[in-house]
Amino acid sequence: SDMEGSKATFLENWAQRRKRSFLRFDYSGHGQSTGDFLKLGIGDWLNDARQIIELIDNNEVILVGSSMGGWISLLLSRELGRRLKGVITIAAAPDFTEDSMWKNFTDDQKKELLDKGIIYLPSDYGEPYPITYYPINLHCPVRLMQGTDDTAVTRETALKLFDHIDADDLSLYFKRGADHSFSDQECLKIIEKNIEAMLELN
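So, here's what we can say about the structure. (Residues numbered from 1 in each chain as written. Predicted model: local features only at pLDDT ≥ 70, side-chain atom pairs only at ≥ 80, totals over all residues. Heavy atoms only, no water.)

1. Quick word on the pairing of strand β6 (residues 142-147)
Now for step 1: Most of β6 sits out of view: six of its six residues are buried.
Now for step 2: Here β6 shows two buried faces, one formed by Val-142, Leu-144 and Gln-146 and the other by Arg-143, Met-145 and Gly-147.
Now for step 3: Pairing between β6 and strand β8 (residues 170-175): six bridges, direction parallel. Looking across to β8, one finds that Val-142 is bridged to Leu-170. (Buried < 20%, exposed > 50% of the residue type's maximum accessible area, 1.4 Å probe, protein only. Helix = DSSP H or I, 4+ residues; strand = E, 2+ residues; numbered from the N terminus. Pairing = 2+ DSSP bridges.)

2. Describing the pattern of salt bridges
Now for step 1: All told, the structure shown has eleven salt bridges when counted by the stated rule.
Now for step 2: Among the ionic pairs, Glu-12 bridges to Arg-24, the shortest N-O distance being 2.7 Å. With Glu-12 in helix α1 (residues 6-17) and Arg-24 in the loop between α1 and α2 (42-54), the pair connects residues that are twelve residues apart, well separated along the chain.
Now for step 3: Since its relative accessible area comes to 23%, Glu-12 is described here as partly exposed.
Now for step 4: We classify Arg-24 as partly exposed; its relative accessible area is 25%.
Now for step 5: Put simply, Arg-18 and Glu-192 hold a salt bridge, and the shortest N to O gap is 3.4 Å. On the criterion of sequence distance, the pair formed by Arg-18 in the loop between α1 and α2 and Glu-192 in helix α7 (residues 185-201) is long-range, its members being 174 residues apart. (Salt bridge = Lys/Arg side-chain N within 4 Å of Asp/Glu carboxyl O.)

Don't take any of this as a statement about function, it's just geometry.
Here is the structure:
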């Protein structure tokens, strides 16, 4: 999706009615932004978000990201410190690069990794290879939203992300019948309600 999508325009209209600051933009190679999509990657789009957020000085921020934008929101959240007042992800699609390894780990290896944050795997090239696990530590409200009819991001992905985040105020919300876009009127109202609740907390 791009900044002309239904979620982005809905939230902009919501912000205007409530006289709240609001920022929406297209990543490089998306929508109205220049750039060759096929020559860009997640690091480029994270940098886009970082630079644009920096332009709004030291204002407090609630990040709202859908699909890939949810992943970028989580990556960016680690950099914003006290400015970050909340994170809302919609069908977040994080790249769990450890998936190919995790499914082959024994139960003992999985337990050791989760308990100690590191395990060492045998290597054909010398010293054992360290595999680390660090949760995403967030000191603000976090709301994860997921449709049960999403064919792009699975429920298992949403649950794994929930388990990967360390936050005192963390919720995962499944909406029965919602698809990956999570953008019908009922879904948009759910997003609105959660943003308003975060503003009241702050």
